[in-house]
There are 2 protein chains.
Amino acid sequence: MNVNIVTIGDEILIGQIIDTNSAWMGQQLNLVGAKVSAIHSVSDTKEGIIAALEIGLKQADVILLTGGLGPTKDDITKKTIAEYFGTTMVFHEPTWERIQGMFKSWGRSTTPAHKEQCFMPANAQILYNKMGTAPGMWFEIDGKIVVSMPGVPYEMKYLMEFKVIPKLVEYFPGKPIAHRTILTVGEGESRIAARLEAIENSLPDFVKLAYLPNLGNVRLRLSAIAENGEDIENMLNEKAAAIKAEIPELIYGYGIQTLEEAIGELLINRGLTLATAESCTGGLLAHKITKVPGCSAYYKGSVIAYAYETKNKQLGVKNETLEEYGAVSEETVKEMVVGVLKAIETDIGISISGIAGPGGGTPDKPVGTVWLAIGNKDHIETRKLQIGKDRLRNIQYTAIQGLNMIRQFVHKYYPATVTTLD
Amino acid sequence: MNVNIVTIGDEILIGQIIDTNSAWMGQQLNLVGAKVSAIHSVSDTKEGIIAALEIGLKQADVILLTGGLGPTKDDITKKTIAEYFGTTMVFHEPTWERIQGMFKSWGRSTTPAHKEQCFMPANAQILYNKMGTAPGMWFEIDGKIVVSMPGVPYEMKYLMEFKVIPKLVEYFPGKPIAHRTILTVGEGESRIAARLEAIENSLPDFVKLAYLPNLGNVRLRLSAIAENGEDIENMLNEKAAAIKAEIPELIYGYGIQTLEEAIGELLINRGLTLATAESCTGGLLAHKITKVPGCSAYYKGSVIAYAYETKNKQLGVKNETLEEYGAVSEETVKEMVVGVLKAIETDIGISISGIAGPGGGTPDKPVGTVWLAIGNKDHIETRKLQIGKDRLRNIQYTAIQGLNMIRQFVHKYYPATVTTLD
């Protein structure tokens with residue numbers, strides 16, 4: 001199936017926000033073998049939306065619109081679609097009941113705008129949106145599909161994942177397509193590519209290997225389309241196994257697992273508990289770990305010690321250490337690990353101290369200098385990073401390296417007692 | 001002038017990269033009063049580029065294409081444009097001399113692909129690209145302008161800033177345009193809209209008000225175009241002041257400031273220090289605060305107390321309190337505030353404890369129940385939230401409400417000694 005994505009909103013056209021919805025949608029559609037032939041961003045006016053519909057109906061089988069739905073006056077997608085397809089607006093009682101229920105559970109009352117929002121084009125199938133008040137709408141017109149979704153990313157993602165993609169796949173059954181995604185951390189794209197060169201050269205024409213790099217990690221995606229009845233599942237299993245044999249130490253998981261989820265599984269599997277002590281990452285490592293449902297089984301807490309006195313008082317870092325070596329030093333992060341293990345009483349502790357920038361750099365320790373330490377009651381290991389000048393990137397990259405150190409430390413000192421697949 | 005932006009490249013359509021060029025171009029064009037009526041992302045094929053040209057020539061005065069130029073891309077854009085406009089390709093000697101000079105200065109030799117790259121459509125004006133080998137191209141066709149630029153961000157930005165925008169402004173002297181963005185937190189879109197209804201109805205035709213909601217906050221954007229010499233700056237100032245008078249307590253800033261940056265300014269302005277104690281948000285509040293450069297001037301640290309024993313040992317929450325009222329209770333968050341003020345020794349402390357889910361809910365305290373407390377040595381204020389079922393959304397929404405409580409607490413107990421505009 002051929003898809004046009006349309007994002008509606010002046011804020012995209014004047015560059016006030018960057019359209020990240022389209023990229024996410026493109027990825028998801030790609031996974032089910034749909035081809036995105038164009039992405040159009042248009043203004044939230046009748047003319048803008050109609051132009052996009054006209055182009056889309058000419059270019060594609062499916063038009064996915066996001067944005068321009070919601071309770072305020074500038075939301076006109078719905079009315080424009082109804083007018084364009086010559087249908088009327090009807091009141092949708094289930095949506096009104098659902099909105100009233102949501103507000104009641106919050107102990108708040110609805111406004112007239114919320115009731116107004118429940119009028120829907122008569123020819124729309126309503127897609128229940130668990131994440132917000134505006135439902136999605138599905139239209140079938142002359143064998144083509146038009147879907148309208150809210151532009152709020154988590155609402156759009158919910159609708160795409162649970163409503164739109166399953167319905168599209170049913171509506172346009174395609175050639176068998178399969179993917180394997182191998183998740184790596186610890187090396188960059190080009191170094192991994194060099195190690196996988198022979199495997200890449202061995203791939204048959206119907207299998208493709210894509211490198212999808214993110215900050216600090218690289219996903220490897222093997223894709224196959226059975227153009228002529230090839231056994232794509234077996235072929236992908238074989239090639240994924242070859243990749244695993246080549247770069248075993250870089251692989252933390254498969255599919256859509258996050259690094260923090262993989263670490264959670266690992267800690268649960270080994271029956272270990274974890275504490276963190278953060279300075280420059282300021283809570284991001286803890287946030288990543290605690291995003292994972294059920295993390296309280298292994299994660300006990302953190303001391304975020306932004307100030308010298310907090311490092312000293314809460315983590316027992318000696319004032320002499322801070323004075324002699326500085327807060328960003330191997331000695332300080334080692335003492336932070338000892339301190340956090342004592343304060344929070346866990347099996348493993350990890351600590352981070354660095355200069356995220358833009359200020360605070362010196363010739364000896366420029367912005368982007370970071371020390372990490374990880375340890376248990378018997379061992380402490382340390383690592384120094386020299387990253388870049390961008391504050392947020394330094395924080396994010398360091399948190400990922402911290403997660404990878406946890407993974408490596410557990411594999412080194414707590415090997416699995418039975419053979420597992422991780 | 002009315003502009004269409006076209007970004008060329010399959011990597012955008014499959015979501016492998018996010019198109020940030022368009023947003024930057026939109027901002028720059030907006031600043032000179034050009035109106036971007038649509039952004040199209042198309043595949044790097046002849047069909048994709050021709051479809052975009054056809055749409056653009058119908059919709060706009062100016063088409064700005066990026067991507068699909070350069071030695072590895074087979075120069076598909078250039079050839080397609082030449083073919084579409086029925087012109088031939090001619091060798092451009094100055095570009096060839098420039099490329100040879102660049103390579104000579106690097107001590108490297110050119111490849112045949114570089115010479116090939118110097119063939120240009122005969123009707124193109126060549127725009128010198130100081131940042132790379134592929135120049136920009138400017139075409140004038142029946143009073144419309146088509147410009148092709150490389151997709152590499154810094155090359156495109158150089159060409160836009162120094163070549164394209166100056167030429168466009170000369171070609172299409174435009175109408176003045178202006179914006180005011182008002183940043184709010186604490187109420188949803190429809191409630192704000194209800195309070196601003198009279199102001200919205202009072203807006204003249206040349207002024208528009210847009211609601212741009214995010215999780216937990218709403219940006220209000222006033223835009224005006226001087227169609228007939230109207231004094232748009234004064235009109236926007238007047239309407240922005242009217243909005244400020246109507247919803248003063250919801251406004252945390254203007255323009256592109258984040259809530260955490262606004263709080264940083266406020267704390268610096270009042271000479272206050274802050275500590276945090278987080279349970280269910282697991283470090284996200286601390287991360288938001290520490291994303292802001294210079295936050296060490298007011299932020300000292302946090303205790304993330306995920307476990308009962310950490311709440312007890314690090315924050316001094318009484319075991320009886322935890323047993324009698326539970327970890328998610330007004331009593332517990334109050335004791336957490338007292339504890340974090342003592343542990344980290346700051347002027348203000350804020351605490352959060354809740355059930356982020358998906359597990360841990362009870363009939364009395366379902367998933368999404370969160371208690372927050374904020375205090376100093378004299379006062380403690382608390383707040384209960386009842387959010388939803390999505391773990392990450394609960395965490396994110398709570399962190400934003402925590403930031404808003406800091407803002408409100410400072411305004412209430414530390415009023416500015418001199419009149420300021422915040």
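Anyway, here's the lowdown on the structure attached to this text.

What counts, and where the lines are drawn
- Residues numbered from 1 in each chain as written.
- Chains lettered and ligands numbered in written order.
- Predicted model: local features only at pLDDT ≥ 70, side-chain atom pairs only at ≥ 80, totals over all residues.
- Helix = DSSP H or I, 4+ residues; strand = E, 2+ residues; numbered from the N terminus.
- Buried ≥ 20, exposed ≤ 12 C-beta atoms within 10 Å, placed from the backbone.
- Contact = placed C-beta atoms within 7 Å.
- Pairing = 2+ DSSP bridges.
- Core = buried A, V, L, I, M, F, W, Y, C linked by C-beta atoms within 7 Å.
- Nonpolar A, V, L, I, M, F, W, Y, C, P; charged D, E, K, R; others polar.
- Axes fitted to C-alpha atoms, helices over the stretch in contact; angles between N-to-C directions.
- Expected span 1.5 Å × (residues − 1).
- Right-handed = clockwise from strand over helix to strand, strands pointing away.
- Parallel < 35°, antiparallel > 145°, perpendicular 65-115°, else oblique.
- Left-handed = near helix turned anticlockwise from the far one by under 90°.

In terms of regular secondary structure, chain A is built from 16 helices and 17 strands. Buried residues in chain A amount to 47% of all 422 residues. Sequence-distant contacts, at least 24 apart, represent 65% of the contacts inside chain A between residues at least 6 apart.

Let us look at the pairing of strand β16 (residues 369–375) of chain B. Residues and elements named next belong to chain B. Across the seven residues of β16, seven count as buried, placing the element largely inside the fold. Where burial is concerned, the two faces of β16 agree: the one with Thr369, Trp371, Ala373 and Gly375 and the one with Val370, Leu372 and Ile374 are both buried. Pairing of strand β15 (residues 348–354) with β16, which is carried by six bridges, proceeds in the antiparallel orientation. Across the sheet, the residue bridging to Ile352 is Leu372, located in β16. The pairing of β16 with strand β17 (residues 380–386) spans seven bridges and is antiparallel. The residue bridging Thr369 from the neighbouring strand is Gln386, located in β17. Between the antiparallel neighbours β16 and β17 lie four residues.

On to the nonpolar core. Ranked by internal contacts, the top residues of the largest apolar core, which has 134 residues, are Val337 and Val340 of chain A together with Val337 and Val340 of chain B. Those residues within four positions of Val340 of chain B in sequence are excluded, and the remaining contacts are Ala275, Thr276, Ala277, Val303, Leu315, Gly349 and Ser351 of chain B. Counting residues in each nonpolar core, the second largest holds 80 residues, with Val6 and Ile81 of chain A together with Val62 and Ala124 of chain B among its members.

Turning next to the interface of chain B and chain A. The interface of chain B with chain A comprises 65 residues on the first partner and 70 residues on the second. Split into classes, the residues belonging to the side of chain B that touches chain A amount to 32 nonpolar, 24 polar and nine charged. Sheet analysis places strand β2 (residues 35–42) of chain A next to strand β2 (residues 35–42) of chain B, joined by five bridges and oriented antiparallel. Across the sheet, His40 of chain A pairs through a bridge with His40 of chain B, a residue of β2 of chain B.

Quick look at the sheet that holds strand β12 (residues 251–254) of chain A now. Residue and element names in this part refer to chain A. Reading across the sheet, the four strands line up as β10-β11-β9-β12 and stay open at both edges, with antiparallel pairing between neighbours. Taken across any chain shown, the strands that pair with only one partner, and hence form the sheet edges, are β10 (207–214) and β12. On average, each strand axis in the sheet is tilted by 20° relative to the strand beside it, whichever way the strands run. When β10 meets strand β11 (residues 217–225), the two strands line up antiparallel, connected through eight bridges. By the bridge assignment, Val207 is partnered in β11 with Ala224.

The next point concerns the environment of Ile81 of chain A. Residue and element names in this part refer to chain A. Mapped onto the elements, Ile81 comes out in helix α4 (residues 77–84). Given 24 C-beta atoms within a 10 Å radius, Ile81 is considered buried. A sequence separation of 197 residues divides Ile81 from Glu278, and the C-alpha atoms of the two residues are 51 Å apart. Among residues more than four places away in sequence, those in contact with Ile81 are Pro121, Phe139, Val146 and Ser148.

Taking 1.5 Å per residue, 13 residues should reach 18 Å; helix α5 (residues 93–105) of chain B reaches 18 Å between its end C-alpha atoms and fits that length. Remark: Gly107 of chain B follows α5 of chain B within two positions and exhibits a positive phi of approximately 70°.

Turning our attention to the pairing of strand β13 (residues 274–278) of chain B. Residue and element names in this part refer to chain B. Burial within β13 is extensive, with five of its five residues counted as buried. Of the two faces of β13, the one lined by Leu274, Thr276 and Glu278 and the one lined by Ala275 and Ala277 are each fully buried. Here β13 pairs with strand β14 (residues 299–305) via five bridges, running parallel. Counted as the bridge partner of Ala275 is Gly301 from β14. In terms of handedness, the path from β13 via helix α12 (residues 284–290) over to β14 forms a crossover that is right-handed.

All names here are of chain B. Helix α16 (residues 391–413) packs onto helix α11 (residues 259–270) with a crossing angle of 25° between their chain directions and a minimal axis gap of 10 Å. Regarding the angle of α11 to α16, the classification is roughly parallel. The handedness of the crossing between α11 and α16 is left-handed. Residues Leu259, Glu260, Ile263, Leu266, Leu267 and Arg270 of α11 form the contact with α16, whose participating residues are Ile400, Leu403, Ile406, Arg407 and Val410.

The next thing to look at is the environment of Ile268 of chain B. All names here are of chain B. Mapping Ile268 onto the fold places it in helix α11. As for Ile268 and Tyr298, which are separated by 30 residues in sequence, their C-alpha atoms are 6.6 Å apart. Setting aside its immediate chain neighbours within four residues, Ile268 contacts Ala297 and Tyr298.

As a further point, take unusual backbone geometry. For residues other than glycine, phi is negative in most cases, and the peptide bonds are mostly trans. Residue and element names in this part refer to chain A. Going from Gly357 to Pro358, the amide bond is cis rather than trans, its omega being 0°. By the element assignment, Pro358 lies in the loop between β15 (348–354) and β16 (369–375). Even without being glycine, Asp142 reaches a positive phi, approximately 50°. The topology assignment puts Asp142 in the loop between β7 (136–141) and β8 (144–149). Here Asp142 falls in the exposed class, since 5 other C-beta atoms lie within 10 Å of it.

Residue and element names in this part refer to chain B. The N-to-C vectors of helix α3 (residues 46–59) and helix α4 (residues 76–84) enclose an angle of 55°; their axes lie 10 Å apart at closest approach. By the angle between their axes, α3 is oblique relative to α4. For the element pair α3 and α4, the recorded crossing hand is right-handed. For the pair α3 and α4, contact is made by Lys46, Ile49, Ile50 and Leu53 and by Ile76, Thr77, Thr80 and Tyr84, respectively. For the contact of α3 with α4, the class distribution of residues is five nonpolar, two polar and one charged.

It is worth spelling out α4 of chain B at this point. What α4 of chain B keeps buried is the set Thr77, Lys78, Thr80, Ile81 and Ala82 of chain B. Immediately beyond the C-terminal end of α4 of chain B, within one or two residues, lies Gly86 of chain B, with a positive phi of roughly 60°.

The next subject is the sheet that holds β17 of chain B. The strand order β17(A)-β16(A)-β15(A)-β13(A)-β14(A)-β14(B)-β13(B)-β15(B)-β16(B)-β17(B) describes an open sheet built from ten strands, whose pairing is mixed. The open sheet has two free edges, formed respectively by β17 (380–386) of chain A together with β17 of chain B, since each of these has just one partner strand. Neighbour-to-neighbour, the strand axes of this sheet turn through a mean angle of 10°, independent of strand direction.

Right, let's talk about the environment of Ile39 of chain A for a bit. Structurally, the position occupied by Ile39 of chain A is in strand β2. Along the chain, Ile39 of chain A and Gly56 of chain A lie 17 residues apart, while their C-alpha atoms are 9.5 Å from each other. Contacts of Ile39 of chain A, omitting those with residues within four sequence positions, involve Ile5 and Ser22 of chain A together with Ile12, Leu13 and Ser41 of chain B.

Geometric descriptors of this kind do not, in isolation, establish any biological role.
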